[in-house]
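Coordinate analysis (summary)
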Amino acid sequence: MTEFDVMIEEFPNNARIAMIKAIRGLTSLALKEAKELIEGLPNKFKEGVSKEEVDDAKKQLEEAGAKR
């Protein structure tokens, strides 16, 4: 099985809260860890996941404001 990583490179400042919510929904990160993750971009936040999981994460992150 092929594995993929999900990485966030950038997002607009006005999407900060939506991005934190999306990351928390996709992971088990607490609020503090989700904030730290987006403050240190670019960052990987999911590793070794399936193509389907990557596509779902990409969709949710883009809806929250992440850039491609």
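Provided above is the structure to which this section pertains.
Treat the numbers as computed from the prediction; the structure is a model and nothing was measured. (Residues numbered from 1 in each chain as written. Predicted model: local features only at pLDDT ≥ 70, side-chain atom pairs only at ≥ 80, totals over all residues. Heavy atoms only, no water.)

Going through the model one piece at a time under the given rule, you end up with 7 salt bridges. Close ionic contact of E53 with K46 constitutes a salt bridge, the shortest N to O distance being 2.6 Å. Its relative accessible area of 13% is what places K46 among the buried residues. Across the pair E63 and K59 runs a salt bridge whose closest N-O atoms are separated by 3.5 Å. Of this pair, E63 and K59 both sit in helix α3 (residues 51-64), 4 residues apart, roughly one helical turn. Exposure class is identical for E63 and K59. Each is exposed. (Salt bridge = Lys/Arg side-chain N within 4 Å of Asp/Glu carboxyl O. Buried < 20%, exposed > 50% of the residue type's maximum accessible area, 1.4 Å probe, protein only. Helix = DSSP H or I, 4+ residues; strand = E, 2+ residues; numbered from the N terminus.)

The subject of this paragraph is α3. For α3, with 14 residues, the first-to-last C-alpha span of 20 Å sits near the 20 Å given by 1.5 Å per residue. Those residues of α3 that fall on the buried side of the exposure criterion are V54, A57, L61 and A64. Projection of α3 onto a plane perpendicular to its axis shows the buried side chains occupying an angular sector of 90°, all on one side. Turned more than 90 degrees away from the buried face of α3, the exposed residues are E52, K59 and E63. The elements touched by buried residues of α3 are β1 (4-8), α1 (16-26) and β2 (43-49). (Expected span 1.5 Å × (residues − 1). Arc of directions from axis to C-beta. Contact = heavy atoms within 4.5 Å.)

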